[in-house]
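The lines below spell out each chain.
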Amino acid sequence: MNKVYNFCAGPAMLPVEVMQQAQAEFVDWQGQGCSVMELSHRSKDFIQVAEQAEADLRELLAIPSNYKVLFTHGGGRGQFSAVPLNLGGKQAQADYLVSGSWSSAAVDEAKRYLTPNVVATSRWQDERLVVPEPKEWQLNPNAAYLHYCPNETVDGVEMSEVPDIGTVPLVADMSSNILSKPVDVSRFGVIYAGAQKNIGPSGLSVVIVRDDLLDQSMAHTPSILNYKILAEQGSMFNTPPTYAWYLAGLVFKWLKAQGGVEAMEKRNAEKATLLYGYIDGSDFYQNRIHTAYRSRMNVPFQLINPELDKAFLQQAEQAGLKALAGHRSVGGMRASIYNAMPIEGVQALVDFMTDFARRNG
Ligand code: PMP
């Protein structure tokens, strides 16, 4: 196989060892003569796979026992609806921080169900994108929750501190940075993530919800989005995405073998430092996010001369560096460097960028 590094924002690279294991047991899982994909979700064997995955995730993130973990459908956007439906039954108002395009999309979806109050919006300051500090946020004391996105995948904006907002439950869309570092789960009411970046294949979403929030749903919440029903039924109210759940379990095992989220944090910091360091030292490329809010997972960058964008992307692809185009809404370039991206991949990108700049400077 040619060595290719895939910088796609999602679906993204998976650890090669995980895919090799899945390949080895694809047709005949554990001597059963069939694929894990073909097992009933209610079979003893699959339930063991499911429970092991949950146990490993709980261990990786040190999830306290008063939190339920749900493995469900609908990706990140499904949760844009599920959150207001599940938490807005008693209080039809909620706070939203808009730090980039995904949190903005979450506000638009929430408007279908309740009245979202935007507490603050990220802004340009001295030509750098910054997120307002929590002390500037216009919080509503009657909000059912505050929703924010600690890592904005399109914009490359990450908030490293968990905001302190008192007793209002904090809801975090961690689709693109879950498992990239330790997190204090007890600070949150709900954490959710679409799987296709740091967890596994698309089609699965993981929700971590504090159990006292399970009785706040709106009456018309669809059962397949209802946290309480999903929790009571072990995420098996309907048929869950079983193969994606199994693969997520393999990724969790891989993470544990790598040293867990503490080791990931260290590796992710090294990768990000290498790439941002190169960009900042170059007069050919730029990143316009304030250094305090730069994402360790998604690194957007622009060529100072955008006329070279097409050539850059074409030649990068030829060099085995895939999917470096920025999101269609913002253009430019973006390197997504999730857990599965090795430092060698980031080094290969920096080497290519150096060479491209030398040839075109
Ligand atoms: N939130 C974030 C932070 C995302 O990055 C994405 C997808 N890239 C979504 C939500 C939407 O996820 P999905 O496509 O799984 O609905």
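Residues numbered from 1 in each chain as written. Predicted model: local features only at pLDDT ≥ 70, side-chain atom pairs only at ≥ 80, totals over all residues. Heavy atoms only, no water.

- Naming follows an unreviewed UniProt entry, where the protein chain appears as Phosphoserine aminotransferase of Bowmanella pacifica.
- Its UniProt record, at the heading Subcellular location (unreviewed entry), says of the protein chain: "Cytoplasm". (UniProt positions renumbered as here; feature names shortened; annotations may be inferred.)

Re the UniProt feature "binding site: pyridoxal 5'-phosphate" (unreviewed entry) in the protein chain
Then, in step 1: Per the UniProt record, "binding site: pyridoxal 5'-phosphate" (unreviewed entry) is found at Gly76, Arg77, Trp102, Thr153, Asp173, Gln196, Asn238 and Thr239. In summary, the annotated positions, distributed over 164 residues, remain apart in three dimensions as well, the widest C-alpha pair reaching 30.0 Å.
Then, in step 2: You can see Trp102 is positioned in helix α4 (residues 101-110).
Then, in step 3: You can call Trp102 partly exposed: its relative accessible area is 25%. (Helix = DSSP H or I, 4+ residues; strand = E, 2+ residues; numbered from the N terminus. Buried < 20%, exposed > 50% of the residue type's maximum accessible area, 1.4 Å probe, protein only.)

What to know about helix α9 (residues 343-360)
Then, in step 1: Over its 18 residues, α9 extends 26 Å from the first C-alpha to the last, a length consistent with the 26 Å expected when each residue adds 1.5 Å.
Then, in step 2: Every buried residue belonging to α9 is among Gly345, Val346, Leu349, Val350, Phe352, Met353, Phe356 and Ala357, and all of these are buried. With its buried residues spanning 165 degrees around the axis, α9 presents them on a single face. (Expected span 1.5 Å × (residues − 1). Arc of directions from axis to C-beta.)

Considering a nonpolar patch on the surface
Then, in step 1: A cluster of nonpolar side chains, Phe26, Val27 and Met37, forms an exposed patch at the surface whose accessible area comes to about 290 Å².
Then, in step 2: Along the chain, Phe26 falls in the loop between α1 (16-24) and α2 (44-61). (Patch = residues over 30% accessible without salt bridge, like charges linked within 9 Å, V, L, I, M, F, W, Y side chains within 5 Å. Areas by Shrake-Rupley, 256 points an atom, 1.4 Å probe, with all protein chains shown as cover. Salt bridge = Lys/Arg side-chain N within 4 Å of Asp/Glu carboxyl O.)

Some remarks on the sheet that holds strand β14 (residues 298-303)
Then, in step 1: If you walk across this open sheet you meet the three strands as β13-β14-β16, and the pairing is antiparallel. Single-partner strands in this sheet number two, and they are β13 (285-286) and β16 (333-336).
Then, in step 2: Looking at chain direction, β13 and β14 are connected through two bridges and run antiparallel. Across the sheet, residue Tyr285 finds its bridge partner in β14, namely Leu303.
Then, in step 3: Along the sheet face, helix α7 (residues 260-280) touches β13, β14 and β16 and points at about 20 degrees away from the line of β14. (Pairing = 2+ DSSP bridges. Contact = heavy atoms within 4.5 Å. Axes fitted to C-alpha atoms, helices over the stretch in contact; angles between N-to-C directions.)

Some details on the UniProt feature "binding site: L-glutamate" (unreviewed entry) in the protein chain
Then, in step 1: UniProt marks Arg42 with the feature "binding site: L-glutamate" (unreviewed entry), using the numbering shown here.
Then, in step 2: Within the secondary structure layout, Arg42 lies in the loop between α1 and α2.
Then, in step 3: Overall, the relative accessible area of 47% leaves Arg42 in the partly exposed class.
Then, in step 4: Beyond its immediate sequence surroundings of up to four residues, Arg42 is in contact with Ile47, Met236 and Phe237.

Focus on the pattern of salt bridges
Then, in step 1: A full pass over the atoms with the stated rule returns 16 salt bridges.
Then, in step 2: Here Lys256 ties to Glu59 by a salt bridge, and the two come within 3.1 Å at their closest N and O atoms. Taken as a pair, Lys256 in helix α6 (residues 242-258) and Glu59 in helix α2 lie far apart in primary sequence, 197 residues in all.
Then, in step 3: The class of Lys256 is partly exposed, set by a relative accessible area of 29%.
Then, in step 4: One salt bridge connects Glu109 with Arg112, and the closest N-O pair in it is separated by 3.3 Å.
Then, in step 5: Assessed through its relative accessible area of 61%, Arg112 is described here as exposed.
Then, in step 6: Residues participating in the shared-partner salt-bridge network are Asp56, Glu59, Lys253 and Lys256.

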